[in-house]
Amino acid sequence: MTVLFRRSEMHSLAAPYALDALEPREHQRFEKHLKRCDSCAAEVRLLREDAVRLAWNTAAPAPAAMRNRVLMAVRTTPQEAAPGQTALGPQPHPRAAQQPLPGMRAQRPRPSRLHGLLSPLAATTAAAALVVAALFGVQASRTQDQLDQERTQAREIANILAAPDAAASAGQVANGQSINVVASASERAAVVTPAGLGRPTNGRVHQLWLMRPEVQPRSLGLFDGDTPLLATDLNPDATSLAVTVEPQGGSPQPTSAPVVQLALNSVGFGE
Amino acid sequence: MQADELLVLVAKGDQKAFEDLYGLVSGPVFGLVRRVVRDPAQSEEVAQEVLLELWRSAARYDPGRGSALAWVLTLAHRRAVDRVRSARAAGEREMREAQRASGPAFDQVAEEVEAGLEREWVRRCLDRLTALQRQSVTLAYYDGYTYREVAERLSLPLGTVKTRMRDGLTRLRECLGGAV
Ligand SMILES: [Zn+2]
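Residues numbered from 1 in each chain as written. Chains lettered and ligands numbered in written order. Predicted model: local features only at pLDDT ≥ 70, side-chain atom pairs only at ≥ 80, totals over all residues. Heavy atoms only, no water.

Student: Help me understand the overall build of chain A in this model?
Tutor: Helix and strand counts for chain A come out as 8 helices and 8 strands. Residue burial in chain A is summarised as follows: out of 271 residues, 53% are buried. If you take every contact in chain A between residues at least 6 apart in sequence, the share linking residues at least 24 apart comes to 58%. Counting only carbon and sulfur atoms, one obtains 51% of the accessible surface of chain A, whose full area is about 12,600 Å². (Helix = DSSP H or I, 4+ residues; strand = E, 2+ residues; numbered from the N terminus. Buried < 20%, exposed > 50% of the residue type's maximum accessible area, 1.4 Å probe, protein only. Contact = heavy atoms within 4.5 Å. Areas by Shrake-Rupley, 256 points an atom, 1.4 Å probe, with all protein chains shown as cover.)

Student: Help me understand the packing of helix α3 (residues 24–36) of chain A against helix α4 (residues 38–53) of chain A in this model?
Tutor: Geometrically, a packed helix pair is captured by the angle between its two axes and the distance between the axes. Residue and element names in this part refer to chain A. Where α3 contacts α4, the axes come no closer than 6 Å and their chain directions differ by 110 degrees. Here α4 runs roughly perpendicular to α3, going by the angle between their axes. Relative to α4, the crossing made by α3 is left-handed. Contacts between α3 and α4 involve F30, H33, L34 and R36 on the former and, on the latter, D38, C40, A41 and V44. Here the contact of α3 with α4 is built from residues that sort into 5 nonpolar, 1 polar and 2 charged. (Axes fitted to C-alpha atoms, helices over the stretch in contact; angles between N-to-C directions. Parallel < 35°, antiparallel > 145°, perpendicular 65-115°, else oblique. Left-handed = near helix turned anticlockwise from the far one by under 90°. Nonpolar A, V, L, I, M, F, W, Y, C, P; charged D, E, K, R; others polar.)

Student: Please clarify how the interface of chain B and chain A should be interpreted in this entry.
Tutor: By a widely used convention, the size of an interface equals the accessible area lost when the partners come together. Across the boundary between the two partners, chain B contributes 72 residues, which contact 66 residues of chain A. Across the chain B to chain A interface the summed buried area is about 6,400 Å²; carbon plus sulfur atoms make up 59%. The largest per-residue losses of area from chain B upon contact with chain A belong to Q48, R56 and R173 of chain B, which jointly make up 12% of the total buried on that side. At the boundary of chain B with chain A, the tally comes to 8 salt bridges. Across the salt bridge formed by R173 of chain B and D50 of chain A, the nearest N and O atoms sit 2.6 Å from each other. The tally of links from chain B across to chain A stands at 24 residue pairs in polar contact (both at pLDDT 80 or more). Elements that contribute at least two residues to the side of chain B that touches chain A include exactly α1 (3–11), α2 (15–37), α3 (40–57), α4 (68–89), α7 (117–128), α8 (131–141), α9 (147–154) and α10 (158–177) of chain B. It is α3 of chain B that provides the largest number of residues to the side of chain B that touches chain A, a total of 13 residues. Grouping the amino acids of the side of chain B that touches chain A by side-chain chemistry returns 31 nonpolar, 15 polar and 26 charged. (Buried area = accessible area lost by both parts, 1.4 Å probe. Salt bridge = Lys/Arg side-chain N within 4 Å of Asp/Glu carboxyl O. Polar contact = N/O pair within 3.5 Å; in protein donor to acceptor, adjacent residues only side chain to side chain.)

Student: Sorry, what's going on with the coordination of the zinc ion here?
Tutor: Reference values for coordination geometry: four tetrahedral donors around a metal ideally subtend 109.5 degrees, six octahedral donors ideally subtend 90 or 180 degrees. Residue and element names in this part refer to chain A. Taken together, the protein donors to the zinc ion comprise H11 (ND1), H33 (NE2), C37 (SG) and C40 (SG), at separations of 2.0 to 2.4 Å. If you look at the zinc ion, its 4 donor atoms make angles of 106 to 116 degrees with each other, and the shape they trace is tetrahedral. In primary-sequence terms, the residues that donate to the zinc ion follow H-x21-H-x3-C-x2-C. Classification of C37 by relative accessible area gives buried; the value is 4%. For C40, a relative accessible area of 1% translates into the label buried. (Donors = N, O, S within 2.8 Å, 3.2 Å for Na, K, Ca; no water. Tetrahedral: all angles 85-135°; square planar, octahedral: opposite > 155°, others 65-115°.)

Student: Before we go on, may I ask you to explain the packing of aromatic side chains in this structure?
Tutor: Two measures describe an aromatic ring pair: the distance that separates the ring centres and the angle between the ring planes. All names here are of chain B. Summed over the entire model, instances satisfying the criterion amount to 4 aromatic pairs over all chains. For the pair Y61 and W71, a centre-to-centre distance of 5.5 Å together with 50 degrees between the ring planes defines the contact as tilted. One end of the pair, Y61, is in the loop between α3 and α4; the other, W71, is in helix α4, with 10 residues separating them in the sequence. Take Y61: its relative accessible area is 7%, and that puts it in the buried class. Take W71: its relative accessible area is 23%, and that puts it in the partly exposed class. For the cation-ring pair, R35 lies above Y142, with the distance from its terminal atom to the ring centre recorded as 4.0 Å. The side chain of R88 reaches across the aromatic face of Y145, ending 3.9 Å from its centre. (Phe/Tyr/Trp six-rings, centres within 6.5 Å; stacked < 30°, edge-to-face > 60°. Lys NZ or Arg CZ within 6 Å of the ring centre and 35° of its normal.)

Rendered as C-alpha cells:
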C-alpha cells in the first residue's frame, strides 16, 4: 500500500503511534517525522505515558517456570553497549530491535530469516532457543559460511542448555570482570560467556583454559569481545576454568596469572 | 530498590539486579502480553523474549525520558502487538477467536488473579470515556488492531478514529491523574 502523508497529516498520527496502532510503513515514516517535529515528540511522550496506564489493570503473575528460563538465558546472553559507547561484544543490528525475536516453537510461521537457524532446535528447551536467538538474532549481516558455522554452534549450545544436568555458575572478581558458565557434565561441554572483560590493550587477547589436577592447563580458545565460547570434550576431572591475558594469537601455555578463575565443582565436574 | 535504579545496574551487567527487576516487572509484562496475545503459550514466549531484551538493551533506557516501568511496558506492548499481528496475518485468527469463545472471558481470569486499586481506577476511568473513544483506544491497545483496522471495524473515517484515540487517552490522563 502506498500512503503519502502531508506534514499536517503526520501530526495526527501521534495518538495511534502511542498505542502502537500504525502499520509498519507509517510507523517508520512517523518515527522519522518525530526526529524533526518537537511538538509531536512532546505529545508522544505524554501519550505514551497515558497508554501505559492502560496496562495497570492487566498485571498477572508470570508462570513460575518462566523465571528460571529467563535467568538462565541471561547468564549466557551478552549485553548491548549504551548508545554512543563502543560495544564490547557483538554489535546488534540496528534493525534487530524492530523485528520480533524468534520464539521457541518451530511449527509456527515466522517472518524472521532465522527460521532456518532455529527450526532444528524444536526439540530442545525453551531456554535454549531463547539463548540462541539472543546470541545470533542480533548480529549484523553475515556470510553463508558464518551462518553455517553459527548454526552448528547454536545447535551445540542448545544441546548443552537442554541437557538434564545443565547447571550455571558465575565467577566474579573485584574489578567487575567475570565469566559465566553453563555446563553439562553429561555432554562434557560448557558455554562460557565473558562479562566485563573488555579487550586487553596492545593487541593482546583473553585466553580460556581448562585446569585439571596434575595436568598442564589446556587451551579452550580465545575470547572475541563478549561473544561466548563453546568448550567441548571437557575432562570429567576438570577443577576450574581460568582466563589469562596472552600475546596476540594466544599461547600454548599460560604466561601470566589468571585474571578470572571459576571453580567447576558446582556444575558437576571434578571428583 | 525501584525499577529505575535497578535498570541502571542491569545495564552494567549486574545479574542480581536483574533478578530483582524480574520480580518487579515480570507480572506487569506477562499480564499485558497475555491481554494482547491471549494464547497462554505464545504469551509466555513473548514475555520471555521481552524480559531477555530488557537484559540485553538495558543501556538504552534513559531515566530522563520517563519511568522505567513505562519503558518496560512500552517495549512489552510493542512486542505483543507484533506477535498478534503476525499471527493474524498467518491466518490464525479463526483459531484464536474460537479459543476466545470457548475459554473463560479474559477479564474474568485477570480479575481472579489480582484485584487492585489501580485496576479498579482504570476500569472506572474507561467507563467515563464516550463509547467511541473507549472502543478506539481499547481495540488498539488491548487487541492490537491498527487504527485503520479500528476504523474498519467501527465503520468510522480514519480521521475520526485518530481523534477519538487522542481524546480518549487525554481524558484517561485527566481521570487517572489524581488516582496514583
Ligand atoms: Zn509533528
